[in-house]
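Survey of secondary and tertiary structure
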Amino acid sequence: TPMQLPLPLSGFTVTPQWHQVKLCWNPNLEFDLMGYNIYRSEIKGDLGDKQNSSVYTDTLYLDINAANGVYYYYTVTAVDNQLNESENNTTIRSRVVSLDQGVLIVDETADGDGSLMNPTDEQVDSFYNGLLSNFKREEYDLITEGSIGLADLGAFSTVLWHGNDLDVEAPFHFKDQIMKYLNYGGNFFYAGYRPGKAFEHASGNPVIFGTGDFIYDYLKIKEAVFKFFALFIGADQTETGYN
């Protein structure tokens, strides 16, 4: 319809890749459609700079100029032959996979009261920051953020994910993203209780894992056995007089 704005895009997705970000969307079907404009911003809520010098006619775009470690907010608008742009467009945040930003500490531990097996947020943050004090590191609070994806993990050479409480469900919901990260060559450390339940929702005792299970294919765990009073297996003595 003349003088009517194009419809917003449908099927808009943004995918982190090795040193680039892939944008895809479904083609708009208006008869007067000319193409699309692609915008990128480092500030949430800001449309940012247009990435195409002329109206873009494809439905796939690779951002090969994104800097390592930087989150970008991507928006694509539809453009008609009178250069009207669609409104109410979706904006998606992402960044490249680079594996060069140091260590990411993923904090899945619940903010406890400091009692046994229920540490406070300050205790947990202090412990892991002290442990990694000689490394370039960033923290990612999974409870605050609510979710995590390859765009969050893929900038870092190493991810240390801790869940030092009895609610161990989160890794199960994001293991596909962890899998993608490992497929790019990232290093993943997990500190928490009952990894069989955390990654596979396995609650039997014992539980046997096999090919096709994430915990078997990636973490090389074949069997999980749950026992009380069996948290300690052994250690190397470095001080005399200590059992």
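Computed from a predicted model, the values in this text were never measured in an experiment. Starting from 1, residues in each chain are numbered consecutively following that chain's sequence as written. In keeping with the predicted nature of the model, local features appear solely for residues at pLDDT of at least 70, side-chain atom pairs appear and are counted solely at 80 or more, and the whole-chain, interface and lining totals rest on all residues. Computation of side-chain values covers all heavy atoms of the structure but excludes hydrogens and water.

This part is about the packing of aromatic side chains. Each aromatic pair joins two rings of Phe, Tyr and Trp (for Trp, the six-membered one) with centres within 6.5 Å, and gets the label stacked for planes under 30 degrees apart, edge-to-face for over 60, and tilted for any other angle. Evaluation of the coordinates by the stated rule reveals 11 aromatic pairs. Summarising the aromatic geometry, the rings of Phe188 and Phe199 are spaced 6.3 Å apart at their centres and angled 80 degrees between planes, so their arrangement reads as edge-to-face. With Phe188 in strand β11 (residues 187-192) and Phe199 in helix α5 (residues 195-200), this pair connects stretches of sequence that are 11 residues apart. Exposed residues in this analysis have more than 50% of their type's maximum accessible area, buried residues have under 20%, and partly exposed residues fall in between, with area computed by a 1.4 Å probe over protein chains only. For Phe188, a relative accessible area of 15% corresponds to the buried category. Overall, Phe199 belongs to the buried group, its relative accessible area being 0%. The ring centre of Tyr72 lies 4.2 Å from the NZ or CZ of Arg40, which sits over that ring. Labels follow the DSSP assignment, with helices taken as runs of H or I lasting at least four residues and strands as runs of E lasting at least two, numbered in each case from the N terminus. The criterion is that NZ of a Lys, or CZ of an Arg, lies within 6 Å of the ring centre and within 35 degrees of the ring normal, and then a charge sits over that ring.

Within the open sheet, the three strands sit side by side as β1-β2-β5. Their pairing is antiparallel. With one partner strand each, in any of the chains shown, β1 (13-17) and β5 (60-63) form the two edges of the open sheet. Each adjacent strand pair in this sheet contributes to an overall mean axis angle of 20 degrees, direction not counted. Two strands are said to pair when DSSP picks up at least two bridges between them. Of the pairings in the sheet, the one linking β1 to strand β2 (residues 20-24) comprises five bridges and is antiparallel in character. Counted as the bridge partner of Thr15 is Lys22 from β2. Angles run from 0 to 180 degrees between N-to-C directions of axes, and those axes are lines fitted to C-alpha atoms, restricted for helices to the stretch in contact.

Further remarks concern a nonpolar patch on the surface. What makes a patch is a set of residues exposed beyond 30% relative accessible area and free of salt bridges, joined within 9 Å when like-charged and within 5 Å when nonpolar (Val, Leu, Ile, Met, Phe, Trp, Tyr). Surface exposure here means Shrake-Rupley accessible area, sampled with a 1.4 Å probe, where a residue is shielded only by the protein chains that are shown. We define a salt bridge as a contact between a side-chain nitrogen of Lys or Arg and a carboxyl oxygen of Asp or Glu at a distance within 4 Å. Judged by side-chain polarity, Leu60, Leu62 and Ile64 come together as a nonpolar surface patch covering roughly 250 Å² of accessible area. Topologically, Ile64 is positioned in the loop between β5 and β6 (72-80). For Ile64, a relative accessible area of 58% puts it in the exposed group.

Quick look at the pattern of salt bridges now. If you walk through the whole model with that rule in mind, you get three salt bridges. In this structure, the salt-bridge partner of Asp152 is Arg93, at a minimum N-O distance of 3.4 Å. Placement of the pair is Asp152 in helix α3 (residues 150-153) and Arg93 in strand β7 (residues 91-94), with a sequence separation of 59 residues. One salt bridge connects Glu200 with Lys175, and the closest N-O pair in it is separated by 3.0 Å. Placement of Glu200 in helix α5 and of Lys175 in helix α4 (residues 170-183) is noted, with a sequence separation of 25 residues between them. Residue Glu200 shares its accessibility class with Lys175, and that shared class is buried.

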